[in-house]
Structure formats: C-alpha cells, structure tokens
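So the chains spell out like this:
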Amino acid sequence: MITIFKGPQPTFMLHTKNTSYIMKVLPSGHIEHVYYGARIHLDNVDGLMEQREFAPGCTTVYNNEDKSLSLEDVCLEMSGMGKSDVREPFIELIRSDGGRTEDFLFDTYEAREGKEPIEDLPSSYGNDDEVDSLYINLIDAKYDLRLTLKYSVFEETDVITKSARITNNSDFSVRIKRIMSNQLDFMPVDMRFHTFTGAWAREMHRNDALVGEAKLVNESRSGNSSNRANPFVMLSSINTTEDAGDCYGINLIYSGNHYEAVERNAFGKIRFVSGINPSTFSWHLKSKLSFQTPESVMTFSENGFNGMSNNMHRFVREHIVRGYWKDRERPVLINSWEASYFDINENKLLRLARAAKDVGVELFVMDDGWFGRRNDDTSSLGDWTANTKKLSSGIAGISRKIHALGMDFGIWVEPEMVNVDSNLYREHPDWTIEIPGHAHSEGRNQRILDLTRGDVQEYVINAMSNVFSSGEINYVKWDMNRNFTDMYSPVLTPKQQGDVNHRYIVGLYKVMDALTKRFPEILFEGCASGGNRFDLGILSYFPQIWASDDTDAIARAEIQTGYSYGYPMSTLTAHVSDIPNHQTLRRTPLETRYHVAVLGILGYECNLTDLNGDGLKAIRQQISIYKKYRRTLQFGTFYRRSSLYDRRGFSTILPNYANDYEWTVVSEDKSEAIGVMLQTLVHPNTQYALLKPTGLIDEAIYRIEGREITYNIKELGSLVNTVSPIHVKQDGMVHNALARYITLNGEKEKHIMYGDAIMKAGIRLRPAFAGVGYNDNIRMYPDFASRLYVIKRIEPV
Ligand code: DGJ
C-alpha cells in the first residue's frame, strides 16, 4: 500500500503487511529517507523528521537558504557527488563540460496500481492486487537530466523493490560512472553486515562483520554475479539470531558485476548502496536516451534471519520465478557427469538410465561430452551437433530410448562459449569477447561469445533452438564455465567499451528470454561451474540452479545453508554422489548424502550401475520418501535452527562448518514437516540432544517419527563383540558372513506432542553412542551422521 501526505513537499509511505518505508521531500528538494523497518502507524511525519538547527562543524551546507542542511549528515533517498555529501554516492556522472557535480532535486511523482516490467532487464512481477508502484522524478536542471526512482511494494511478502532510470534530455552525451539500484540510509545504530562469499566448490560461506567506520564492500568483478561474493546480503541488529531480532535482506536482479557497500559516516549514520559494480562499468549515455538500472529487492523482518528468509523465499517463489515450472514439483533426476565425465556413449548412458529408472528416477540428464569432438574440455564448444560415434542414433534416438524406458530426457549445453578448437571459432573468430591482436587470458580453454552483438545473440538462439528441437527434450542444463577477461567488443566504439559487461548481460537475458519463451515447457537449470551465477537474474528465466559442483554432504551442508538465507529450496538443486567424494575425497554415509540433498531439488550423480543390491535398495527407498514429501521439501517454509548455527566462528577461508545443523521444512498448511539433523564431528561423551523444529502450530498435536536406520554389522568394527556371544575377529570369515545376513536396527524415535512443546521445549532424542557399545536404543551417531524426522499433524484422540 502506498500512502502519500500531499503538498509541495510530500511524504511517501510504502507499507507492506509488516513493514513501513517512509521518505519526505525537504524544502531544498532533496528526499530525506525517514524510516525503514517494522510497520508503524503514522498520521503525520513530524516526530520522525531530523530536527536540524545548525550544520555539524567542518561540513558544508547545501546552500545559503538553509544553514542547517549539510547533505553529509542527512539520511537521503539518493545522493550524488559534489554537493557536500561525502559518503558512497548513488550516482556519479561526467558531463560534456567535464563537470562532476550532481544536483538532482524533487520534481514530480506518480503512484500506480500494479507494476511494469523494467526495460531490457528481468524484474519482479505481480498483478494489480499484489503490487503497487511509485515513481519519483528528480531533475538536475542545469544539465537537463531526469532521474526516476522507482519503488514497488509487494504487500503480502513484505518486499519493496527499487530501481532507477536516468534520462538525458540535453543535447550532449553524459558518461555514467556509477548508478546504483538501491541506497538505504539508517540513523546511528549498531549493525552487522552479512555477506556470502566463497570460490568454486565452496560457495556461500556466511561472513558476519560489524559495521564500523571503515567501509565494508561485497562485490564481483569476474563478469558474473560470482561464487566469490553473491549479490544477496543482510544487515542485522547485532544480537539478531535465526529466530529473533531485526534483519534486512537485500538482493539484486542481476547476473553481472555487482557492488554492495556499507559505511558509517562521521556522525554514526549508516549508508548501504547496491547496484552494478562501478569499478567495471561506465556508460556512454547519448542525448535523449535513458539508462535503466537492475532492480534491487529488499525485505525486513523483526523475527530474525529465519523471518527475513521466509519473506525472501516466498517473494522469489511468487514474484521472480515464472513460467510453466513455477509451482510444479520438480522431477528427481540422474546426471551422467560424475558417473562418466566426458566418456559417454549411448550404451553406457542407457545402462545408467535403466538402473536409474529401476530405483525411481524420473529424468535422465546427459551432461557434457555429447557433441562435436568433445572428449575433454579443449574442444568443440560451439559445434552443437551430436557426436554420432558416441550417440549412434543422435539426440533424437537416445531421447526416444530414454522416453521408452519411462523417463524424461535432459541435455547439457554451454551456449555462451566457444573453444578456439571448434568450427564455430574457425568460421567466426571475431565473435568472441577479446582484444584484437592481444594475447588472450585463458579459462577452461574457452572464450566467451560476444553477446553484446545482435548477430551473435541470433546465432545462439538458433543453435540452441536446433538442439532443443532435435529430440524429445524436457530439461536443459545451461552451463557457463569461465570468468570474463580481456573485455572488448570490436563492434562498440572506444567510448562504449566500459559498457561491455553490462551489454553482455542484457544480451544474455535477450537470449534466455527468447529460448524460454520458445520452449516454455522445458525445465531449464542454470549452472556456472556450480554456483558462479546463482542470482535473481538467472532465476527470472530458469526456475532452478545447480548450487555447487561440490556434492560432498558436509561441504554442501554449509553451502546450502548459505543459499537458504536468500533463496528458496525450490531454486536449488542438490545431488547424491559417490564416495569418496569427487571434490573432497570425503566418505560420508549414503543416508547423510541423501538427507542433505533432500533440502533442495533432489538428484543423483553417481554410477548406479556399480552399486550393489543394498545400495540400490537404499536409494529406491530414498526416492520414494522424497516423492511422498516432495511438495513440502521443495515448496515448504524453511527454517535453520538458531542455537546451533549461531555458535559458529567467523573464519573467512577455512571452513567454519557448524558442527551440528538442524533444519525444518514445513508444509504450507503446517500439517506436515520434515526435520533434518546433521553432525560434522563427534564430540565425545555428549549423549543428549534436542530436536527443536520450528514453524508448527502451537496447539496442534503432531506425531514425530524418526526415519529408521539400519546398520551393517561391519560398520561397528570390533564393537560387534559388545553384542556377540562369541568373539568375532574383525574382517575375519565370521565377521564377513554375519555382515551378509545380519542387519542391526537403529534407534526408534516416536513421539506424540503438541506443536508448542516440540518447538519450545524440544524433543529429547535417544542418547547418542558415547563409548558404551551398541544397543538398539542408542543413537549410533558417528562423524557425518544425520537423521531425518517426519512430523505429521494428527487429530486429538
Ligand atoms: C561444470 C558443471 O558445473 C558440471 O556440473 C558439469 O556440467 C561440467 N561443467 C561439464 O563440463
């Protein structure tokens, strides 16, 4: 809801169900940012306005009409350079006369029901009942520039979005050095800035830094939104936990270089900005043209990180993800990559597919290696025709055979790339982003196609359309495996070379838009060496993203927990893979690999044809459980357990895995929930543990049942002698024979309790093993152990 106190200096109030965002035009024409936080009542804005009498010492006043207004110490909706605000600016321009001072002042506004898409870029959407929009127009009169600040208010999900559009009405060009999407100023308050950083195979590591007087910056410069620093960030009060305290979550609908900075000014006020990274951007804005920024998405909750995440998850599910798959349950897939890497052929794939079908897999995905002469990563990207030595009946043939087995068929592509060793590069050496005559920096032996060019965009759309219609294709994994270097496009003028990364991203969106519209029922999955481009821009076209190339359950527990702060489980894909794990060499139990992967879109990426009967039986059971609770697991409300995760340290490179994790996913009507617990390393002699799920109905009665685990006797090693009447030599004949016929039962956990008792008091679990031998009431809980609990609402008896 948008409410306006009208007049020459209007006050604008953007209210969502639980938040309020307030700003007011000052007599000078600047817009003071008055408040953003929990929803408040307001009949007039007086008590909330800063009462200025004099400017702070050694500051400069805006003009002589108001000797108290130093822009350096005002909370502002947007700020420029050169008029006394010395903080991070929202906008920086260089005019044709060389001038670098911005002076944008309020002109007009317009409030509307609904929301329009923003030009050239993906944006959030909603119908007229769900969203209202406000446009505030500012003018820099001397230079004939107009800046429109756009706000959209999504009442139900407690989200407000912001973007800006600058229009050059003058007769001269202007260079945009920076134009942010969001500026948020706060009155002095103690805050933490939380960012999610990492690298390949260790994405989304949460960092918590105190906002002090030195500026904190989170940014990507690799050309992608990046695994180094995701654009999703949080600001919180210093005592905020998962369940209590103030938390702001902010993200950007953008897949290129981004920038988020927070600083405290000399008087304690805090400024946050977010947008396209100015250090890798400059835009030549010609006379009479406009430039539109990406959209920033923000939410606030008083209910801790979980409260904020719940808002963000719902918003992403309802107002970012779109199309055929938006609300549809996603299939369980098998991906050929870790089973065979490049060494694939039709027989091998069909063997894997048969084994997968047999355990309940619904979608078979043929990963890299199927086209051109692609036997490793040195060649063939760009030559998108099937290698008939590997696929004798082509894509049409293999997809038909997979369908005949009763499974859907999916394919891997990397459309934005070309190998130098490819027919495409030989034919069009000028189609890549590179500096003519300069040695190119190499990444995975491939170059990036110049998507700033219309003809290259057309080529990619046509080449991919051919692939996607060459068989019965239901799913596409769209990969992207290198960072940008040597930024240069021969079709742009020297003045436009600073635009390349942004133009590339706009070009990429055009291609994605065309293909997702042309093939609306294909399930597209984004991927960039795992999570090198996990962002809301990609999610505006593709409903899900491969979260990380790291399939190790313990590493994934941290990675997926990191994603869960800003992204819902329905967007994040997770696979069970072989051990030792191909990224870490770690051996984790099959059940733990599964228990982590169920907290996302479940898939398998292992060689099922090598598994024995027990392994296959276990996987068959896993998949059938997942299917039963799939709606809840993919679309439910997700919670992290506070006291466990907040105990972690603050290391930056070394893993700071929480030792114990607990997550709960609750169905929309709260009648069903899945709880998962995971332990990294055993802490000896600590037998008691609490299961403390969240999100249930206080007065409802629930049955809690632990998923039963069985053990092979060999897992107990020589401990078998604590239950065996005769001595069993480890790995001896008797031991091996017993292992074949005897399975040991794990602990049974069954309780009936009220929701509030479960959530507030917690369930006392059976004691964990602590050096006393095996019995079936003991929770055998070694390193990397985990448990899954099903919680179902029941009627009172
Ligand atoms: C990187 C991806 O992240 C992997 O899952 C796999 O698809 C390879 N590329 C294939 O080259």
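Note that residues are indexed from 1 along each chain, following the sequence as it is written. Thresholds applied to this predicted model are a pLDDT of at least 70 for local features of residues and 80 or more for the giving and counting of side-chain atom pairs; totals over whole chains, interfaces and linings are not thresholded and use all residues. Water and hydrogen atoms were dropped before computing side-chain values, which therefore reflect all heavy atoms in the structure.

**Notes on the packing of helix 3 (residues 346-359) against helix 4 (residues 394-404)**
- At a minimum axis distance of 10 Å, the contact between helix 3 and helix 4 shows a crossing angle of 20°. Comparing their axes, helix 4 and helix 3 come out roughly parallel. Once helix 3 is placed against helix 4, the crossing between them reads as right-handed. The segment helix 3 lies against helix 4, with E346, L349, L350 and A353 engaging I398, K401 and I402.
- When the residues that make up the contact of helix 3 with helix 4 are grouped by side-chain class, the tally is 5 nonpolar, no polar and 2 charged. Think of each axis as a best-fit line through the C-alpha atoms, taken over the contacting stretch in the case of a helix, with angles from 0 to 180 degrees between the N-to-C directions. In this description a helix means any DSSP run of H or I spanning at least four residues, a strand means any run of E spanning at least two, and both kinds are numbered starting from the N terminus. Put simply, angles under 35 degrees are roughly parallel, angles over 145 are roughly antiparallel, angles from 65 to 115 are roughly perpendicular, and the rest are oblique. Should the near helix be turned anticlockwise from the far one by less than a right angle, the crossing is termed left-handed; should it be turned clockwise, right-handed. Contact definition: two residues touch when any of their heavy atoms are within 4.5 Å. Throughout this entry, Asp, Glu, Lys and Arg are counted as charged residues, while Ala, Val, Leu, Ile, Met, Phe, Trp, Tyr, Cys and Pro are counted as nonpolar. The remaining residues, Gly among them, count as polar.

**Here we look at the packing of aromatic side chains**
- For this analysis, a ring pair means two rings from Phe, Tyr or Trp (six-membered ring only for Trp) whose centres lie within 6.5 Å, classed as stacked if their planes differ by under 30 degrees, edge-to-face if by over 60, and tilted for the remaining angles. This model, assessed by the stated rule, comprises 36 aromatic pairs.
- Centre to centre, the rings of W370 and W384 are 6.0 Å apart; their planes meet at 40°, and the pair counts as tilted. Linking W370 in the loop between strand 22 (363-366) and helix 4 with W384 in the loop between strand 22 and helix 4, this pair joins segments that are 14 residues apart in sequence.
- Measuring from centroid to centroid gives 5.7 Å for F468 and F524, while their planes differ by 70°, and the two rings are edge-to-face. Placement of the pair is F468 in helix 6 (residues 454-468) and F524 in strand 27 (residues 523-526), with a sequence separation of 56 residues.
- Relative accessibility decides the category of a residue: with a 1.4 Å probe and only protein chains considered, values under 20% of the type maximum give buried, values over 50% give exposed, and everything between is partly exposed. With a relative accessible area of 3%, F468 lands in the buried category.
- Through pairs of rings, three or more aromatic residues link up here, namely F196, F232, F305, F534, Y563, Y565 and Y567.
- We count a charge as sitting over a ring when the NZ of a lysine or the CZ of an arginine lies within 6 Å of the ring centre and within 35 degrees of the ring normal. Just above the ring of Y324 sits the side chain of R328; from NZ or CZ to the centre is 3.7 Å.
- One cation-aromatic arrangement involves R640 over Y565; the distance from NZ or CZ to the ring centre is 3.6 Å.

**Details of the environment of N127**
- Tracing the backbone through its elements, the reader meets N127 in the loop between strand 6 (105-113) and strand 7 (131-140).
- A sequence separation of 238 residues divides N127 from V365, and the C-alpha atoms of the two residues are 35 Å apart.

**Quick notes on a negative patch on the surface**
- Each patch is built from residues lacking any salt bridge and having more than 30% relative accessible area; the joining distance is 9 Å for like charges and 5 Å for nonpolar side chains (Val, Leu, Ile, Met, Phe, Trp, Tyr). For the area figures, the Shrake-Rupley method with a 1.4 Å probe applies, and any residue is considered shielded solely by the protein chains shown. Salt bridge criterion: a side-chain nitrogen from Lys or Arg within 4 Å of a carboxyl oxygen from Asp or Glu. Charge counting follows a simple rule: Lys and Arg are positive, Asp and Glu are negative, and His as well as the terminal groups are ignored. Charged groups are reduced to one reference atom each: NZ for lysine, CZ for arginine, CG for aspartic acid, CD for glutamic acid. A cluster of like negative charges, contributed by E113, D128, D129 and E130, occupies part of the molecular surface.
- Among the structural elements, E113 can be located in strand 6.

**Quick word on the site of the ligand**
- Taken together, 13 residues lie around the ligand, and D367, D368, K477, D479 and D549 are the ones closest in.
- Polar contact is the term for a pair of N or O atoms within 3.5 Å; when the atoms are in protein, one must be able to donate a hydrogen and the other to accept it, and sequence-neighboring residues count only if both atoms are side-chain atoms. K477 places a polar side-chain atom, nitrogen or oxygen, 2.7 Å from an oxygen atom of the ligand.
- Relative to its free-state accessible area of 300 Å², the ligand is covered by the protein chains to the extent of 97%.
- Here the residues of the shell around the ligand are counted per class, giving 4 nonpolar, 3 polar and 6 charged. Being near a molecule or strand, for a residue, means having at least one of its heavy atoms within 4 Å of it.

**Some points on the sheet that holds strand 38 (residues 750-754)**
- Any two strands with at least two DSSP-identified bridges between them are counted as paired. With respect to topology, 6 strands assemble into an open sheet ordered 31-32-33-40-35-38, the strand pairing being antiparallel. Each edge of the sheet is formed by a strand with only one pairing partner; in this case those strands are strand 31 (637-640) and strand 38. If you compare each strand with its neighbour and ignore which way they point, the axes differ by 20° on average.
- In terms of strand pairing, strand 33 (residues 672-679) meets strand 40 (residues 786-794) through 7 bridges, oriented antiparallel. Considered in strand 40, the bridge of V676 is made with L788.
- Where helix 10 (residues 590-597) meets the sheet, its contacts fall on strand 33 and strand 40, and the angle it forms with strand 40 comes to roughly 50°.

**Points about the sheet that holds strand 26 (residues 475-478)**
- Judged by pairing direction, the barrel is parallel, and its 8 strands sit side by side in the order 21-22-23-26-27-28-29-30 before closing back on the first. Shown here is a sheet whose adjacent strand axes are inclined to one another by a mean of 30°, direction ignored.
- Summarising the sheet, strand 27 and strand 28 (residues 544-546) pair through 2 bridges and their orientation is parallel. The residue bridging G526 from the neighbouring strand is I545, located in strand 28.
- On top of the sheet, helix 3 reaches strand 21 (333-335) and strand 22; it is set at about 155° to strand 22, its chief contact.
- Sheet contacts for helix 10: strand 29 (572-577) and strand 30 (601-605); angle to strand 29, the most-contacted strand, approximately 170°.

**Quick notes on the confidence of the model for the protein chain**
- The pLDDT value tells you how sure the predictor is about a given residue, anywhere from 0 up to 100. Averaged over all residues, the pLDDT of the protein chain is 95; the fraction at 70 or higher stands at 98%.
- Confidence over residues 647-654 falls short of pLDDT 50; this stretch has 15 contacts with residues more than four positions distant or in other chains.

**Observations regarding helix 10**
- Counting buried residues in helix 10 gives 7 out of 8 residues, a clear majority hidden from the surface.
- Taken together, the buried positions of helix 10 are E591, T592, R593, Y594, H595, V596 and A597.
- Tucked inside the fold, the buried residues of helix 10 contact helix 9 (553-564), strand 29, strand 30, helix 11 (613-628), strand 33 and strand 40.

**Quick notes on the pairing of strand 2 (residues 11-15)**
- Judged by how many residues are buried, strand 2 sits mostly within the fold: 5 of 5 residues are covered.
- Sheet topology note: the strand 1 (residues 2-5)/strand 2 ladder contains 4 bridges and is antiparallel. Across the sheet, the residue bridging to F5 is T11, located in strand 2.
- Taking the residues that link successive antiparallel strands as the turn, the strand 1-strand 2 hairpin has 5 residues, and the phi of G7 there is positive, at about 135°.
- In terms of strand pairing, strand 2 meets strand 3 (residues 19-25) through 5 bridges, oriented antiparallel. Across the sheet, residue M13 finds its bridge partner in strand 3, namely I22.

**Observations regarding unusual backbone geometry**
- That bond from I579 to P580 is cis: its omega, -5°, falls within 30 degrees of zero.
- The residue K288 is not glycine, and still its phi comes out positive at about 70°.
- Take K288: it is sitting in the loop between strand 18 (283-285) and strand 19 (290-292).
- Residue N445 is not a glycine yet carries a positive backbone phi of 60°.
- Secondary-structure assignment places N445 in the loop between helix 5 (423-427) and strand 25 (446-448).
- On the accessibility criterion, N445 (36% relative accessible area) is partly exposed.

**Things to note about the nonpolar core**
- Judged by nonpolar contacts, the single largest core of 184 residues is most densely connected at L147, W370 and W384.
- Considering each element in turn, this core owes the most residues, 9 residues, to helix 7 (residues 500-518).
- When residues no more than four places from it in sequence are discounted, the contact partners of W384 are W370, F371, W412, V413, E414, P415, Y459, A463, M464 and V467.
- Counting residues in each nonpolar core, the second largest holds 21 residues, with L696, M759, A768 and A785 among its members. Among buried residues, the Ala, Val, Leu, Ile, Met, Phe, Trp, Tyr and Cys ones that are joined through side-chain atoms within 4.5 Å form a nonpolar core.

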